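Observations on chain architecture
Single-letter residue listing:
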Amino acid sequence: MDQLLDEQQQQQQEEDSATSNATNDVWNYVVFVLFVVISALIPIRKRLFRRSTNSKSKQDYVFGAGHISTLAMMLSIARGTLGVISVLGYPSEFFYRGSAMWESLYGVITAYPIVCFVFIPVYFDLGITSVYQYLELRFNSRLVRCLASGTYILRTLLSLGVTIYTPTVALNTIIGVPYWVSLLSITVISIFFNALGGLKAAVAADVIQSLSMTAMLVGIIIYCSITVGGVDKILTISSENDRFAFFNFAADLHLRVTTTSAWLGELFNSLSLLGCQQNFVQRYLSMPTLGQIRRTLMLNIPVVALLFSLPWLVGMAIYAIYYHCDPLRASVIGKMDEILPYFMVDRFDRVPGVWGIFVGTLFNGALTLNISNINSLATVTWEDFLSLIPALRKKSEAHQLNVIKLVGTIYAVLIMGVGFIVGLLSGVIESSMLIISATSGPLLGVFVLAMFIPFANWKGAAMGMVVSHLTILWIVIGRLIESSVSDALLDTSIEGCYADLLLAEKAAASNGSVLLAVALEEGGVNSVEASDLLTRIYSITYMYYGVFGTVLTVLSGIVFSLATWSSQDAYNMKMLHPAVRWLYARCPFSGKHFGSFEVAASYNATRKEAVPKC
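Residues numbered from 1 in each chain as written. Predicted model: local features only at pLDDT ≥ 70, side-chain atom pairs only at ≥ 80, totals over all residues. Heavy atoms only, no water.

Named according to an unreviewed UniProt entry, the protein chain is Sodium/solute symporter originating from Anopheles atroparvus. Among the UniProt annotations of the protein chain, the heading Subcellular location (unreviewed entry) holds the following wording: "Cell membrane". Of the comments in the UniProt record for the protein chain, the one headed Sequence similarities (unreviewed entry) reads "Belongs to the sodium:solute symporter (SSF) (TC 2.A.21) family." (UniProt positions renumbered as here; feature names shortened; annotations may be inferred.)

The subject of this paragraph is the overall build of the protein chain. Secondary structure summary: the protein chain contains 25 helices and 0 strands in total. The 614 residues of the protein chain split such that 53% are buried. Restricting the contact set of the protein chain to residue pairs at least 6 apart, pairs at least 24 apart contribute 86%. Of the roughly 26,500 Å² that the protein chain leaves accessible, carbon and sulfur atoms contribute 64%. (Helix = DSSP H or I, 4+ residues; strand = E, 2+ residues; numbered from the N terminus. Buried < 20%, exposed > 50% of the residue type's maximum accessible area, 1.4 Å probe, protein only. Contact = heavy atoms within 4.5 Å. Areas by Shrake-Rupley, 256 points an atom, 1.4 Å probe, with all protein chains shown as cover.)

If you check the backbone angles, Asn 140 has positive phi at about 55 degrees while not being a glycine. By the secondary structure assignment, Asn 140 is in the loop between helix H7 (133–139) and helix H8 (142–175). Residue Asn 140 is classed as exposed on the basis of its relative accessible area of 52%.

Here helix H14 (residues 290–322) spans 49 Å end to end across 33 residues, near enough to the 48 Å set by a 1.5 Å rise per residue. If you look at H14, its biggest bend is around 40 degrees, right at Ile 301, and the proline Pro 302 turns up within four residues after that. (Expected span 1.5 Å × (residues − 1). Bend = angle between axes of the 7 residues up to and from the residue.)

Attention now moves to the nonpolar core. For soluble globular proteins, nonpolar side chains are generally found buried alongside one another. Grouped together as the largest cluster of nonpolar side chains are 131 residues, with contacts concentrated most on Tyr 123, Tyr 134, Leu 135, Phe 343 and Phe 447. Tyr 134 has contacts with Val 122, Tyr 123, Leu 126, Ile 128, Phe 447, Ala 450, Met 451 and Met 575, leaving out every residue within four places of it along the chain. In this structure, Tyr 571, Met 573, Val 580 and Cys 587 belong to the second largest nonpolar core, which totals 7 residues. (Core = buried A, V, L, I, M, F, W, Y, C linked by side-chain atoms within 4.5 Å.)

Between helix H5 (residues 84–97) and H14, whose axes approach to 8 Å, the crossing angle comes to 50 degrees. One element, H5, and the other, H14, form an angle in the oblique class. Here H5 and H14 pass one another in a crossing that is right-handed. Taken together, the residues of H14 that come into contact with H5 (itself represented by Ser 86, Tyr 90, Pro 91, Glu 93, Phe 94 and Phe 95) are Phe 308, Pro 311, Trp 312, Val 314, Gly 315, Met 316, Ile 318, Tyr 319 and Tyr 322. Tallied by class, the residues present in the contact of H5 with H14 amount to 12 nonpolar, 2 polar and 1 charged. (Axes fitted to C-alpha atoms, helices over the stretch in contact; angles between N-to-C directions. Parallel < 35°, antiparallel > 145°, perpendicular 65-115°, else oblique. Left-handed = near helix turned anticlockwise from the far one by under 90°. Nonpolar A, V, L, I, M, F, W, Y, C, P; charged D, E, K, R; others polar.)

A few words now on the packing of aromatic side chains. A full pass over the atoms with the stated rule returns 24 aromatic pairs. With a centroid separation of 5.3 Å and 50 degrees between ring planes, the pair formed by Tyr 90 and Phe 308 is classed as tilted. Here Tyr 90 is found in helix H5, whereas its partner Phe 308 is found in helix H14, with 218 residues between them in sequence. Residue classification places Phe 308 among the buried positions, given a relative accessible area of 4%. Taken together through their ring pairs, the aromatic side chains of Tyr 90, Phe 94, Trp 102, Phe 244, Phe 246, Phe 247, Phe 308 and Trp 312 make up a single cluster. Here the guanidinium or amino end of Arg 138 rests over the ring plane of Tyr 571, the centre of that ring lying 3.8 Å away. (Phe/Tyr/Trp six-rings, centres within 6.5 Å; stacked < 30°, edge-to-face > 60°. Lys NZ or Arg CZ within 6 Å of the ring centre and 35° of its normal.)

Okay, the environment of Leu 313 next. Structurally, the position occupied by Leu 313 is in helix H14. Sequence-wise, Leu 313 and Ser 99 are 214 residues apart; in three dimensions their C-alpha atoms are separated by 10.0 Å. Setting aside its immediate chain neighbours within four residues, Leu 313 contacts Trp 102 and Ile 221.

On to the pattern of salt bridges, then. Enumeration according to the criterion identifies 8 salt bridges in this entry. Here Arg 145 and Glu 136 are joined by a salt bridge, their closest N and O atoms 2.7 Å apart. Each member of the pair Arg 145 and Glu 136 is classed as buried. In this structure, the salt-bridge partner of Asp 569 is Lys 459, at a minimum N-O distance of 3.2 Å. On the criterion of sequence distance, the pair formed by Asp 569 in the loop between helix H24 (545–564) and helix H25 (578–586) and Lys 459 in helix H20 (residues 458–482) is long-range, its members being 110 residues apart. For Asp 569, a relative accessible area of 8% puts it in the buried group. Salt bridges here are not isolated pairs; linked through shared partners, they connect Glu 136, Arg 142, Arg 145 and Asp 384. (Salt bridge = Lys/Arg side-chain N within 4 Å of Asp/Glu carboxyl O.)

Examined against the element boundaries, Arg 145 turns out to sit in helix H8. For the pair formed by Arg 145 and Val 446, sequence separation is 301 residues and the distance between their alpha carbons is 9.8 Å.

Turning to the side chain of Ser 539, a few remarks are in order. Take Ser 539: it is sitting in the loop between helix H23 (533–538) and H24. Given a relative accessible area of 0%, Ser 539 falls into the buried group. Engagement of the side chain of Ser 539 in a polar contact is seen with the backbone oxygen of Thr 535, the distance being 2.7 Å. (Polar contact = N/O pair within 3.5 Å; in protein donor to acceptor, adjacent residues only side chain to side chain.)

Close contact between H5 and helix H16 (residues 354–384) brings their axes to 8 Å; oriented N to C, the two are set at 125 degrees. When the interaxial angle is binned, H5 and H16 end up oblique. Residues Val 84, Val 87 and Leu 88 of H5 form the contact with H16, whose participating residues are Phe 358, Leu 362, Gly 365 and Ala 366. Its residues placed into classes, the contact of H5 with H16 shows 6 nonpolar, 1 polar and no charged.

Its place among the elements puts Leu 369 in helix H16. The class for Leu 369 is buried, based on a relative accessible area of 12%. Linking Leu 369 and Thr 163, residues 206 residues apart in sequence, is a C-alpha distance of 8.1 Å.

On the surface, a nonpolar cluster with roughly 590 Å² of combined accessible area is contributed by Val 231, Leu 235, Phe 244, Phe 246, Phe 247 and Phe 249. Counting through the fold element by element, Phe 247 comes out in the loop between helix H11 (231–240) and helix H12 (259–276). (Patch = residues over 30% accessible without salt bridge, like charges linked within 9 Å, V, L, I, M, F, W, Y side chains within 5 Å.)

The predicted model of the protein chain has a mean per-residue pLDDT of 77, with 74% of residues at 70 or higher. Confidence, expressed as mean pLDDT per element, reaches its minimum in the protein chain at helix H22 (residues 514–520) with 36 and its maximum at H24 with 94. Note that pLDDT drops below 50 for residues 52–56; the model gives that stretch 9 contacts with residues more than four away or on any other chain. Contacts of residues 592–614 to residues separated by more than four positions or lying in other chains number 44 contacts, the stretch itself having pLDDT below 50. (pLDDT = per-residue confidence, 0-100.)

In structure tokens, the structure reads:
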């Protein structure tokens, strides 16, 4: 009789638990939908409900007509340096590889003042719409401009394809939403934003995403601190288990990450991103004065440092929870990037709505990044390619704006296609990320040639980009095919796992999943021991690709420029950086061998004066 009562009580508890879980799932769905809808509608509410504010101005669509606040622009620029991949990737990076990659923050911070005082003054005085228009004005060559803008378009398409695919994994795993539904939803909402919003809506969406992401990450850190017994306990656990790996200045180029490679690599990548990429320069030039741009960028450094560090602090906090029971080694999760979603399910499954907010933040993060970059992609395509067509150039501004929005819609569909490919093919994420990093060097290098090398001509710039692209891509392909780069993870423990998790590990071991544990036990990242030259070249860490690409572009550009310079390569010296103009005017060979185009006295490059047509 007692046994029967126990069985009935157990059955009743299971039914109550199932009912509670179903209720929580409903709340999670509701919260997720409301979060995404509200986040999407707030930035474009005026355009929806006030027809009079529906701007017909292309300038307003591209630059926001100078009506964007400094704080909003700060958050938008800071948000542009981070993404959904950071929220999921950095915590898992700390958990399984330690803090070495965290030091790439040094490069990001160093890049800001360089962009502020070196790149921006040149762009601002010219009053350009597309940053790649500057290259044509400097080199008198549409080819150089098209090479640079084509590099940006390719890199952005690949990056966004990976970005919008990332939250679909969480949605499918947690809520059960099919991949195609998530991708289609992101695309449709992006097209809607692109048609109604423009840059102001994109910036507003970035602000909402920055605040929601920050609140979510801070909440996780507070919960973990309370759970383990304080912040000092979190630091102690990470320190005792060798998760801190700061200030490693080893000169080995084959180590995955060192302080040197993180700093230099991220510096060059950030300079290419912040100083030479359309979506960022577009935001700078939307501000009315050079002083406001400088204040925004310099005040943005602590904001970027905070947003960059939060995911790492989350990784540290989650490690303090699971350091004695690694879910990956226990075969509870299949990939290291799933550690944060697993934590949310494990700890907040019974709290209504928490899962919905988390997944909604990831979804909205991919969405806002997609919207911002679609705006920039469409602008670059119009300015650098479509504006060459006489029939389109003669159209009214309203018609041109409609063409730009149509181009943005086409890009949204293409990005969705890349997202589908990422989901279908293995290795596409790693390959695309390597290609993206490989394009940073050539793009930065051609701008260095334009601003700082007085005798650089279009032939040198074009050949420098081509040589750099081919060389870096050759290394990337060799790395993917032939390299034996060690990518072992740090040691983790399952000594504190529950009995059922240990049983799961034993079951997985019989199916071959024990190889995961073997990989984990191999220890830290080792340098490559191969002796042949090609293998050692292929095994160079990808952190240096941006550095090598920039150096190759500049050196090749100088050589080809010296070999091919002619009087036809004369250009307006106002296109150089002011400091370079001052030095060049006082150097011994100024105007003797390489030629010099004297600036007419009547020429005054200000933002209000029309820029010469390309």
